[in-house]
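# Structure at a glance
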Amino acid sequence: MAAPCFFSRLWRAALALLALGSLAASQIEDQAKQFFRSGHTNNWAVLVCTSRFWFNYRHVANTLSVYRSVKRLGIPDSHIVLMLADDMACNARNPKPATVFSHKNMELNVYGDDVEVDYRSYEVTVENFLRVLTGRIPPSTPRSKRLLSDDRSNILIYMTGHGGNGFLKFQDSEEITNIELADAFEQMWQKRRYNELLFIIDTCQGASMYERFYSPNIMALASSQVGEDSLSHQPDPAIGVHLMDRYTFYVLEFLEEINPASQTNMNDLFQVCPKSLCVSTPGHRTDLFQRDPKHVLITDFFGSVRKVEITTETLSLQRDSQITESSYKEDRMDEELMEPLKYAEQLPVAQIIHQKPKLKDWHPPGGFILGLWALIIMVFFKTYGIKHMKFIF
Amino acid sequence: MGLLSDPVRRRALARIVLRLNTPLCVLSYVAGIAWFLALAFPPLTQRTYMSENAMGSTMVEEQFVGGDRAQGFARDFAAHQRKSRALPVAWLERMMRSVGLEVYTQSFSRKLPFPDETHERFMVSGTNVYGILRAPRAASTESLVLTVPCGPDSTNSQAVGLLLALAAHFRGQIYWAKDIIFLVTEHDLMGTEAWLEAYHDVNVTGMQSSPLQGRAGAIQAAVALELNSDVVTSLDVTVEGLNGQLPNLDLLNLFQTFCQKGGLLCTLQGKGLQTLLLMVLRQASGRPHGPHGLFLRYRVEALTLRGINSFRQYKYDLVTVGKALEGMFRKLNHLLERLHQSFFLYLLPALSRFVSIGVYMPATGFLLLVLGLKALELWMQLHEVGVSPQEAGGSPNPGPPLPGAQGVSLASLLAPVLISQAMGLALYILPVLGQHVAVQHFPVAEAEAVVLTLLAIYVAGLALPHNTHRVVSSQAPDRGWMALKLVALIYLALQLGCIALTNFSLGFLLAATMVPAAALTSPHGPRPFYAALLMLTSPAAILLGSLFLWRELQEVPLSLAEGWQLFLTALAQGVLEHHTYGALLFPLLALGLYPCWLLFWNVLFWK
């Protein structure tokens, strides 16, 4: 009598334990999947403000507010390349020297005590920017001015300034075009300098800057569509200039709510600043990105979140049948050497990216051809049609 | 063959021009006048807008509260000035230093060519006082100027008070990126001219001034202030400067924006067409209507603000004016380059509306087209282009006609031209040179002597035609006057065209009056009528007429006697301003337009 009860109880306990154990195992497996979900191990940020002059105060404030958020969420100065084209904090016209405010009534000083500007004033040029991205930098460049990313880096690139359809103005003297930018990103891809890239631009007609990207794993956001102007937000009557641009202002507000543990994803970032607040229509581009934006955390790009999971269980990882083991047996060495060595196919690009051939816009013939035809027609009329022309004149 | 080289076609074209000439001329003239009158109304006017990006759309908060302090300074200044009868230099220096500026003085002196009756001065000497507020964190490469002209007849004490109070307020701010110069000049515009010449190290007008000890870099903009009372009902702004130069429209836009922001009433005299005509008359006179007019020569954009105390209900005190000035200076502080984005040549039918040069120039174009058409007609008549060879059988010339072969010798053309120019030269030089001789022989003052000599030479020129014929004898009288008229028309067209480019108002005014007379003049036809028309449109008569018009527009009409007195004063002032400031109206009329007009007078009395 007691023995069967004991056994049944034991049996039930064993079942429960087993169930719990499998649940725990699956949970850990889920966590493990999550551990390797994003594929990046470090974060970088390249923040660029391209305009100078006192009345472009808001562009510097934009960049500094993104810098501030990014630093708060964990990316250290050694992994941030901050490029500011002009010094607003120490400008003679600044009634509050050593500060740059982003909210009126001087609520928030984004300049702070520990800002580290890597490229300042006239060093912010198109050439320097492209060199930073592609890594073709002279050996004498200090470490703080380099983007030392690898193929497991998630990079945030934020640009602001004055832009137009297909270009961004640097320093009032030169421009970078969307094609140059796309090519720079392609160079980065081919050199395996990023794992995933988030590109944010806050300028007029910003969407034109991401139209030409063709490298994989890039997600892009812009503050306005082609043909629209990005508007500035609040003027401060004590300082006398506009303090921020609308889009970045609302992005900053959004980022202030994020902390390193938050699970907010990219879809929420796409909703920031609807047309009612921003007047322009923000746009985004995700077709080159492999993961679904709703699975991409904000902290994947804006923060430097170290994934640490303490587990007491052991996990067995699946063997990848494609990776072949090489053994160094002498009798097989010749055969091995016969096989050509090739890089493992990490990402079959051609299979992912299906790009439609772009329709070339038809332009009316101009310039030389028009002149040539006009000449031909004139000669024709001169020799044959002059008598008929007399009746007209 | 081409249109102009084919004789048949050329004759056809010439016939069209000759036949339609009068209607075309009349149409063109009417079109020009109508275009000008239409400039005051909406489709041709535009709303003013701020073009300079650096001065942007953001407003700044003004914090000036020194109204009482300003009045205190003003009272002290008035008291000191009454005591010493000249500018209280020591007091000004002390006050500026106490406010915190770097103070310097400059003395100047000038002997006028003849005594000035209106200001009662002959030997002018005075002292300018100016204080520099250095920019706290910038190099002194650029500066702004706030100037208050003081003279024996214009008590500008409130403006001085406001200047000192503003200086005290500005000194406490740290956001200045340019130096600010606070300038108080003696003897109104003479002091300003002396200061400007010394600052820019030039000597254009023969002023003797001591060199400046303190400088502040290139001047970007200047504001001149004239206030006569503690409260103002409106602020009047003057833009026309010396020789009709105008400041950049952005400065006016800036002033207007701050007027709107502070609720201050800012005015431009008159309304609609009246304002336009007043501006045209002021610009045509070429006088500097305030210290700003002298700044413009050095390409420093400047305005003069005059406080007016009329019988309106609402009055503004010095704090409002001070706030408007503070806002303007704060915005000018943001400038990175000189003002250059907006228009330099424009007309103002109202304070917030303007007409740009591209829109108003066709008016003068149409008027000058009349001269061109008339000249073309004369040329064709001279060369008998409209006459076919059969019709011209009676003419003794077998081959193509040459200009000289028709009996119009160069001498017969050149002589009237040279004699007229000589008359013009006499008109320019003799009055001032001969004033002492005149004073010795006649019981008149020097200024009167100058004016009367001017008039005498002018009238003497009218007697010329009767004498030129003794010098010149021409075989073909008809061709003689036609050739002369051709030359005169081209000369007039060139002059008026050049004048209209730099001073549109003067060019248009002269064209509107002189063109009909010039086009109509000929020895054949009703001589007395043409003589009267030509007299009425001579430069002196135009001056007289425009004085009457000006007073009429200002709603202070003149009687004939007053008008004549004003005319004489204007003549004296014109000569004086030419010598003291370099105004160009007197030389233009004497050396350019008067000889041209004399040529037409010669044509009229051709025998």
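Residues numbered from 1 in each chain as written. Chains lettered and ligands numbered in written order. Predicted model: local features only at pLDDT ≥ 70, side-chain atom pairs only at ≥ 80, totals over all residues. Heavy atoms only, no water.

### Quick word on the state of the cysteines
Residues and elements named next belong to chain B.
- Applying the stated criterion across every chain yields a total of two disulfides over all chains.
- For the unlinked cysteine cysteine 25, the closest cysteine sulfur is that of cysteine 596, found at 16 Å.
- The buried category is assigned to cysteine 25, whose relative accessible area is 7%. (Disulfide = S-S within 2.5 Å. Buried < 20%, exposed > 50% of the residue type's maximum accessible area, 1.4 Å probe, protein only.)

### Description of the environment of asparagine 265 of chain A
Residues and elements named next belong to chain A.
- Its location among the elements puts asparagine 265 in the loop between helix H5 (246-256) and helix H6 (266-271).
- On the accessibility criterion, asparagine 265 (17% relative accessible area) is buried.
- Spatially, the C-alpha atom of asparagine 265 lies 4.2 Å from that of leucine 297, the residues being 32 residues apart in sequence.
- With sequence-adjacent residues up to four places away left out, asparagine 265 is seen in contact with Pro293, Lys294, Val296, Leu297 and Ile298.
- Looking at asparagine 265, its side chain comes within polar contact range of the main-chain oxygen of lysine 294, at 3.0 Å. (Helix = DSSP H or I, 4+ residues; strand = E, 2+ residues; numbered from the N terminus. Contact = heavy atoms within 4.5 Å. Polar contact = N/O pair within 3.5 Å; in protein donor to acceptor, adjacent residues only side chain to side chain.)

### Observations regarding the pairing of strand S4 (residues 153-160) of chain A
Residue and element names in this part refer to chain A.
- Across the eight residues of S4, eight count as buried, placing the element largely inside the fold.
- With burial as the criterion, each face of S4 is covered, one bearing Ser153, Ile155, Ile157 and Met159 and the other bearing Asn154, Leu156, Tyr158 and Thr160.
- Note that S4 and strand S8 (residues 196-202) share seven bridges and pair parallel. Among the inter-strand pairings, threonine 160 is bridged to a residue of S8, identified as aspartate 202. (Pairing = 2+ DSSP bridges.)

### Brief notes about the pattern of salt bridges
- Counted by the stated rule, this structure contains 25 salt bridges over all chains.
- As a salt-bridge pair, lysine 294 of chain A and aspartate 292 of chain A come within 3.1 Å of each other at their nearest N and O atoms.
- On the accessibility criterion, lysine 294 of chain A (45% relative accessible area) is partly exposed.
- Since its relative accessible area comes to 34%, aspartate 292 of chain A is described here as partly exposed.
- Its salt-bridge partner being arginine 297 of chain B, residue glutamate 193 of chain B comes within 3.2 Å of it at the nearest N-O pair. (Salt bridge = Lys/Arg side-chain N within 4 Å of Asp/Glu carboxyl O.)

### Here we look at the UniProt feature "active site" (unreviewed entry) in chain A
All names here are of chain A.
- The UniProt record annotates "active site" (unreviewed entry) at His162 and Cys204. In summary, the annotated positions, though distributed over 43 residues, converge in three dimensions, the widest C-alpha pair being only 6.5 Å.
- Here histidine 162 is to be found in strand S5 (residues 162-164).
- Reaching out from histidine 162, the side chain makes a polar contact with the side chain of asparagine 56 at a distance of 2.8 Å.
- Within the secondary structure, cysteine 204 sits in the loop between S8 and strand S9 (218-222).
- In this view, cysteine 204 contacts Gly163, Gly164, Ser224, Glu228, Asp229 and Ser230; residues no more than four positions away in its chain are not counted. (UniProt positions renumbered as here; feature names shortened; annotations may be inferred.)

### Some remarks on the side chain of serine 102 of chain A
Residues and elements named next belong to chain A.
- With respect to the secondary-structure elements, serine 102 resides in the loop between strand S2 (80-84) and strand S3 (119-120).
- Under the relative-accessibility criterion, serine 102 is labelled buried at 0%.
- Among the polar contacts listed, one links the side chain of serine 102 to the side chain of histidine 103, at a separation of 3.0 Å.
- Residues contacting serine 102, with those up to four places away along its chain left out, are Leu108, Val110, Gln234, Leu243, Met244, Phe249 and Leu252.

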